[in-house]
Each structure stands twice: as C-alpha cells, then as structure tokens.
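Now for the letters of each chain:
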Amino acid sequence: MTEASAEGYLPDDVERVREALVEWYENDHREYPWRKTTDPYAVLVSEVMSQQTQLDRVVDAWEAFLDRWPTVETLAEADRADVVGFWTDHSLGYNNRAKYLHEAARQVLEAYGGQFPRDPDGLQELMGVGPYTANAVASFAFDNGDAVVDTNVKRVLYRAFDVPDEDSEFERVAGALMPDGKSRVWNNAIMELGGVACEKTPACDGAACPWREWCLAYETGDFTAPDVPTQPEFEGSRRQFRGRVISILRDGGEVELDALGSRVRVDYVPEGQYGREWLRGLLDDLADDGLVHVADREGETFARLRE
DNA sequence: TTCCCGTTCC
DNA sequence: GGAACGGGAA
C-alpha cells in the first residue's frame, strides 16, 4: 500500500495529481506583488492583510505600508497610533490586527534579534500568527512550511477527494498531498486553485482546473462545500461603532466623551440607552485591546488612540 | 444581502 | 468549542 492510498482519500497516482497542479499554476496565475518577494517581513504583512480582505483590495495597502515602514525595525519603532491609523485609512478593518502586526515586529527585534524564525513553530510564537499564517510565511519566505489549510484548501479537498469536514482530516490529507520541500510553489498553487477555479461557484472548465480527471465533484456535479458560518449583521453592530470610534480618534487626536458620542451615533444622549455608559464600555473594550487610551481628568473623560 | 475568513480570548 | 473582531464590494 502506498503512502497516498493509506490516506484513504487521495488517488493512487498522487504524483500525477501534484504535477498537474504545479504545472497549471506555473503556466498561469495572478501576479500579486507579494509573490515576487521572499522577505519574511513583507510576506507577513501581506498575509495579515489578506486574512481579512479580498486580495485585490490589499495590493495598494500593502505597497503603501511597506513604503512607510520598509523593514521590521521601522515598524517596531513606529507609534501604534500611526499603525492603527494607517489600517483605518486603508479600510483594512479588524484594527486588532494592526496591533498584532506591530507587536510581532517588536517581538522579532526583541526576542529574535531582528531575524524572523524560519519554521512554522517559531513563527507561530509571533502575535497574531496562527497555524495558517505560520505555514504561509514559512512557505513563501523560506520555502520551509507545511501544507496550509485555509477555507480555500478545505473546499478543494472536500470537493475533489471527499475529505470529511473535520479540521484534523483536512490537515492530514493536505500534508500528505504536499510534495516534500516544495511548500512555496505548492501552497501558492493550491490556494490559487481555490481562488480562481474551485470557488464557491466553481469554474472547472473556464479555469481549466487541472484536477478534473480526479475530482469527485466534477464527476458527480455535486459542488457542495463545507459550511461557512454566517456573520451577524454589520449595520448597527458593536463592531461598526468600534470602527467609527477609531476613525474619529484617528483624525481628532484627543476627544472628550460626549463630543465623541455625538459623532459616533446620531442618537447619542449622555444619559440615554446609548449614552455615556454605553460609550464608556465600548472605549474600555478598545482600551483592553490596546487600541485606545482613556483618561479621566477634572471630571471629564477623554479618549485618544494609544501610542 | 451575501461574501470574504484566521486568530485571540474566554 | 464558540464569540468577537471591519468594512468594501459583488
């Protein structure tokens, strides 16, 4: 029994499966600027940004970010308020991640002497870097990662090889499928497949999917994909108001509580349901997240972005 | 309205 | 194991 068939889900000629995908990728793929660098810092920035945003919207932000903070040293020395402000200015959302990235840069300097760890386990020690990002950076910067498992990869494996919708199974099969020592091209290729061919609505023939001869979904016509949890509505959500607070403080420097409140929501009434108490709770959460600084002075409360 | 989607914290 | 975390675009 071969290693591949022992996995239970992969075709016997798994080597041909591998070659077909790599050839398909190398023949034609989207040219994103971060695919041209192996600088681990630049790669990390691109991965953190693209965790949350469609790739086409990340390009400008990534270039501007590296323009402003070209190295891990420059980012580590930056004021947090400037990094969070940049995030907001570029509509990147999830301000926490600007903080994580800044914190990770400091870690690289202070705990690793300015050199990024070169393997997934080391990279995962960095703030904001989980299993996916650790493998992505190890792969794209050092060609030294394990198989990445993101929702693209899960969808592909689920459809093509009927891998059950369980994280441990996805990880096992993804690892068995990846050719040893070729994580850079492999992880790029399999995510590209999920991104342009095996999307929610698949484009098997249009994108000339290289796996059609093996793909179970292509054979049966059942393109069901693993469930993606639906999001609570954004409009009116706490997250929306957090974003507004950050955006206002980004322009306004230090702002008094009630002044802030009236700019955050039109129905702000200091003693009302969405008044001081509500706003203070929001600010305290933002302060706990290390994004905002709240100060009480002479009976008034002021908020500003944390430096 | 739905899509995008990994990490942290509890 | 589940909730919280953004905001633009299709």
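Bear in mind the structure is a predicted one, so any value in this text is a computation, not a measurement.

About the thresholds
Residues numbered from 1 in each chain as written. Chains lettered and ligands numbered in written order. Predicted model: local features only at pLDDT ≥ 70, side-chain atom pairs only at ≥ 80, totals over all residues. Heavy atoms only, no water. Near = heavy atom within 4 Å. Polar contact = N/O pair within 3.5 Å; in protein donor to acceptor, adjacent residues only side chain to side chain. Helix = DSSP H or I, 4+ residues; strand = E, 2+ residues; numbered from the N terminus. UniProt positions renumbered as here; feature names shortened; annotations may be inferred. Pairing = 2+ DSSP bridges. Contact = heavy atoms within 4.5 Å. Axes fitted to C-alpha atoms, helices over the stretch in contact; angles between N-to-C directions. Patch = residues over 30% accessible without salt bridge, like charges linked within 9 Å, V, L, I, M, F, W, Y side chains within 5 Å. Areas by Shrake-Rupley, 256 points an atom, 1.4 Å probe, with all protein chains shown as cover. Salt bridge = Lys/Arg side-chain N within 4 Å of Asp/Glu carboxyl O. Lys, Arg positive; Asp, Glu negative; His and termini not counted. Charge placed at Lys NZ, Arg CZ, Asp CG, Glu CD. Buried < 20%, exposed > 50% of the residue type's maximum accessible area, 1.4 Å probe, protein only. Domains from an automatic or database assignment. Nonpolar A, V, L, I, M, F, W, Y, C, P; charged D, E, K, R; others polar.

Some words on the protein's contact with DNA strand B
Point 1. Looking at DNA strand B, there are 17 residues lining it, with Arg 97, Tyr 100, Gly 128, Gly 130 and Asp 150 nearest.
Point 2. Each atom of DNA strand B within 4 Å of the protein was assigned to sugar, phosphate or base; sugar and phosphate come to 76%.
Point 3. In the model, a base nitrogen of DNA strand B is placed 2.4 Å from a nitrogen or oxygen of the Arg 97 side chain.
Point 4. Within the contact set of DNA strand B, a phosphate oxygen lies 2.7 Å away from a backbone nitrogen or oxygen of Gly 128.
Point 5. At the level of elements, α7 (95-112), α9 (131-142) and α10 (151-161) are the ones that each hand at least two residues to the surface near DNA strand B.
Point 6. The dominant element in the surface near DNA strand B, judged by the number of residues it contributes, is α9, at 3 residues.

Some details on the UniProt feature "domain: HhH-GPD" (unreviewed entry) in chain A
Point 1. Those places that UniProt annotates as "domain: HhH-GPD" (unreviewed entry) correspond, in this numbering, to residues 49-196.
Point 2. End-to-end, the C-alpha atoms of residues 49-196 are 19 Å apart, and along that stretch the chain is 69% helix and 0% strand.

Some remarks on the sheet that holds strand β3 (residues 300-305)
Point 1. If you trace the 3 strands from one edge of the open sheet to the other, you get β1-β3-β2, paired in antiparallel fashion. With partners counted over all chains shown, the strands left at the sheet margins are β1 (255-256) and β2 (292-297), one partner each.
Point 2. Where helix α14 (residues 238-252) meets the sheet, its contacts fall on β1, β2 and β3, and the angle it forms with β3 comes to roughly 90°.

With respect to a negative patch on the surface
Point 1. A cluster of acidic residues, Asp 119, Asp 121, Glu 125, Asp 146 and Glu 171, forms a negative patch on the protein surface.
Point 2. Among the secondary structure elements, Glu 125 is positioned in the loop between α8 (120-123) and α9.
Point 3. On the basis of relative accessibility, which here comes to 53%, the residue Glu 125 falls in the exposed class.

Some thoughts on the domain arrangement of chain A
Point 1. The assigned domain composition of chain A is domain 1 (3-29 + 147-220), domain 2 (33-142) and domain 3 (238-305).
Point 2. One C-alpha centre belongs to domain 2, the other to domain 3; they are set 28 Å apart.
Point 3. Of the residues lining the interface, 11 residues belong to domain 2; the matching set on domain 3 comes to 9 residues.
Point 4. Counting every contact that joins domain 2 to domain 3 gives 1 salt bridge.
Point 5. One salt bridge in this structure joins Arg 250 and Asp 89, with 2.8 Å as the shortest N-O distance.
Point 6. At the surface where domain 2 touches domain 3, the tally comes to 2 residue pairs in polar contact (both at pLDDT 80 or more).
Point 7. Put simply, the parts of the chain that give the side of domain 2 that touches domain 3 at least two residues each are α6 (80-89) and α7.

Quick look at the protein's contact with DNA strand C
Point 1. Neighbouring residues of DNA strand C: 14 residues in total, closest Gln 52, Tyr 94, Gln 231, Arg 239 and Arg 242.
Point 2. The sugar-phosphate portion of DNA strand C accounts for 57% of its atoms within 4 Å of the protein, the bases making up the rest.
Point 3. Ser 91 places a side-chain nitrogen or oxygen 3.3 Å from a phosphate oxygen of DNA strand C.
Point 4. Taken together, the elements giving at least two residues each to the surface near DNA strand C come down to α7 and α14.
Point 5. Per-element accounting of the surface near DNA strand C gives the leading share, 4 residues, to α14.
Point 6. By residue class, the composition of the surface near DNA strand C is 2 nonpolar, 8 polar and 4 charged.

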